[in-house]
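Here's the letter readout for the chains.
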Amino acid sequence: MASDTSSRREFLRVSAASALALSATMRKVMAAPERPNIVFLFSDDHSLQSIGAYKSRLQRFINQHNITPQLNRLADRGGVFERSYCCNSLCGPSRAAILTGLHSHANGFIDNSSTFDSRQWTAPKALQASGYTTAMIGKWHLVSEPTGFDHWEILPGQGSYYNPDFITPTGTARRAGYCTDLIGDAAISWLRARDKTKPFLLMCQHKAPHRPWMPPERHLGLLANESVPEPATLFDDYKGRATPASEQEMQVGRDLTMVSDLKVRPPLVGATGLAGEFNRMTDAQKVAWDAAYVPRNERFTASPPEGRELTRWKYQAYMKDYLRCVKALDDNIGRVLDELSAQGLDDNTVVIYASDQGFYNGEHGWFDKRWMYEESLSMPLIVRWPDVVKPGQRFSPMVQNIDYAPTLMELAGGAAPDSVHGKSFVPILRGNTPKDWRTSIYYHYYEFPQDHRVQAHVGVRTDRYKLIYYYAVGQWELFDLEKDPQELLSVFGDPAYLSVQTTMTVELERLRQQYKEKPYPRPGGN
Ligand code: SGN
Ligand code: CA
């Protein structure tokens, strides 16, 4: 009997144990998959040409000088979107499109004088409501206060590079240090202090490398003795295009005249404006700056360049400072990636890197953005998602910033409302591009004449062609991107392109209807 009892006891013990084990397995099988954390690393005006992971005229130079090792690391372990575009190449409008998934006319933030209507649906609000803990750190630029975030600390407007102010729900305070590093610090502090019972969304948004391209002290000497390769179009004559291209005010040679742009004191010939930035510097910072920039200043003063040589001189000054700011940005991308690793979060965190739009690094003779031409239409987009995105993958379907909100929703196990214009690119990340994925994108830029006199325009881009309409002046451009990737010769009106022109014009109208775009304004307003 004794043995009977003990074997019965043993049976009960074993069955109870296996029941427990089974229920644990069942729970695992039946539970919804764990929702990933999302880290959205973002920057301002970061061109594809200045990222080593993107093929470009500058790729070799960037990698030779190790400007973006951390972004390259992210790209090597994740995937790179090669056709990623904005819908309106300006700061606030791009950010509003990202949050809402809507084109500018529908989210109401059409240019930098708009105020974001924070009553509307945004992806961060929806993620927060679904149980994510959410944070917004850095450049916001949407005027109204952030909503949908458990934690936020933002720069006022454009913010400052040195000793910037930050606004938080409790007020505004100046922080000592360099803006890009301070945003990195704040992101890391939040990652450490966050509510660890919830999945998280961290939006870490840098000011760099926005004008006036002020590098940190540690990178002031970077590239000092190098010569940055010039673009083939540095001396573009703007022939072969509609008139707006020749009427802008964003030429490196002619329009980069501010002391803060060129860092020469006393002012460069024709220089205007002294940036408030210099006034925020400590004495020690000013000494470091003088040490770095006095030689540039002296060389300039001793034999001031003229004509094309002046353009070349300004191009070098601009590009070196731009790339020094990119280097500091890259340092801080790396710091956040290291923090994720240190917390053991790599496997279940989707890391996205993007910038609000691309930028001209001297192409067409320009700095700034705004145009629907390739350099400013393009946005860098790199996504790391272990076990889903194959390391080193390159994606070619066309995606747009209106797709980010639905993508964040799908990553978090939800979906964006039907009214949203964008589409989730999660299927693309998984390697299953939907058969009906878009074959054209719609674009609308509004802000004229502010800052750089770029005429308002709408346009459509397909795989091979781009049609642009400057509606206030009634002019068109059509580019064959395969034959003319630099967009130097519009073929609008060329009989050989008549059928392409018709197809593209019809497609532009179709997209305007699909997105319920507003009619073109009548000349003279209203
Ligand atoms: C500032 C810059 C412009 C830039 C706009 C918009 N001038 O006004 O060059 O186009 O911001 O940039 S600066 O002298 O103040 O630097 S955006 O990225 O915020 O849209
Ligand atoms: Ca910008």
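Residues numbered from 1 in each chain as written. Chains lettered and ligands numbered in written order. Predicted model: local features only at pLDDT ≥ 70, side-chain atom pairs only at ≥ 80, totals over all residues. Heavy atoms only, no water.

1. Concerning the coordination of the calcium ion (ligand 2)
Inclusion rule: As a rule, N, O and S atoms within 2.8 Å of a metal are its donors, except that Na, K and Ca use 3.2 Å; water is not among the atoms, so sites may look incomplete. In short, tetrahedral needs four donors with all angles between 85 and 135 degrees, square planar needs four and octahedral six donors with opposite donors over 155 degrees apart and all other angles between 65 and 115, and whatever is left is irregular. Every helix listed is a DSSP run of H or I at least four residues long, and every strand listed is a run of E at least two residues long, numbered separately from the N terminus.
Bound to the calcium ion (ligand 2) on the protein side are Asp44 (OD), Asp45 (OD), Asp356 (OD), Asp356 (OD) and Gln357 (NE2), at distances that span 2.1 to 2.9 Å. For the calcium ion (ligand 2), the 6 donor atoms are set out with angles of 49 to 172 degrees between them, so the coordination reads as irregular. Binding-site remark: the calcium ion (ligand 2) is held by donors from one chain whose sequence spacing is D-D-x310-D-Q. Taken together, the residues Asp45 in the loop between strand 1 (37-43) and helix 2 (59-64) and Gln357 in the loop between strand 9 (349-355) and helix 14 (374-377) connect sequence positions 312 residues apart.

2. Overview of the domain arrangement of the protein chain
Inclusion rule: Boundaries of every domain are those given by an automatic assignment or by a domain database. Working rule for contacts: check all heavy atoms of both residues, and any pair within 4.5 Å makes them a contact. Joining two parts hides part of their accessible area as seen by a 1.4 Å probe, and the buried area is that hidden amount summed over both.
Assigned domains within the protein chain: domain 1 (37-215 + 321-432), domain 2 (218-230 + 240-312) and domain 3 (457-521). Here domain 2 and domain 3 have C-alpha centroids that lie 36 Å from each other. Listed per partner, the contact involves 5 residues of domain 2 and 10 residues of domain 3. For the domain 2 and domain 3 pair, buried surface summed over both sides reaches about 550 Å², with 52% attributable to carbon and sulfur atoms.

3. Looking at unusual backbone geometry
Worth spelling out the cut-off: Think of it in three bands: residues with accessible area under 20% of the maximum for their type are buried, residues over 50% are exposed, and the middle band is partly exposed, with areas taken using a 1.4 Å probe on protein chains only.
Look at the link from Ala208 to Pro209: it is a cis peptide, with omega at -5 degrees. Mapped onto the secondary structure, Pro209 falls in the loop between strand 8 (200-205) and helix 8 (244-247). A positive phi angle is found at His364, which is not glycine, with a value near 60 degrees. Counting through the fold element by element, His364 comes out in the loop between strand 9 and helix 14. Assessed through its relative accessible area of 1%, His364 is described here as buried. In this structure, Asp387 takes a positive phi of about 70 degrees despite not being glycine.

4. Quick notes on the sheet that holds strand 15 (residues 465-470)
Here is the rule we go by: The rule for pairing is simple: two strands pair if DSSP sees at least two bridges between them. Angles run from 0 to 180 degrees between N-to-C directions of axes, and those axes are lines fitted to C-alpha atoms, restricted for helices to the stretch in contact.
On the basis of which strands lie adjacent, the open sheet formed by 4 strands has the order 13-14-15-16 and antiparallel pairing. Each edge of the open sheet carries a strand with a single partner, namely strand 13 (440-445) and strand 16 (475-480). The average undirected angle you get between the axes of adjacent strands in this sheet is 10 degrees. In this structure, strand 14 (residues 457-462) lies alongside strand 15, joined through 4 bridges in antiparallel fashion. Each residue of the ladder has a partner; that of Val460, found in strand 15, is Leu467. Packed onto the sheet, helix 17 (residues 498-514) meets strand 13, strand 14, strand 15 and strand 16 and runs at close to 115 degrees relative to strand 14.

5. Overview of the environment of Asp117
Note the cut-off: N or O atoms within 3.5 Å of each other form a polar contact, as long as, within protein, one can give a hydrogen and the other can take it, and as long as residues adjacent in sequence are counted only when both atoms are side-chain atoms.
Relative to the helices and strands, Asp117 resides in the loop between helix 5 (104-107) and helix 6 (123-129). Look at Asp117 and you get partly exposed, because its relative accessible area is 30%. Here the alpha-carbon distance between Asp117 and Ala96, two residues 21 residues apart in the chain, equals 9.3 Å. Of the polar contacts made by the side chain of Asp117, one reaches the side chain of Arg119; its length is 2.9 Å.

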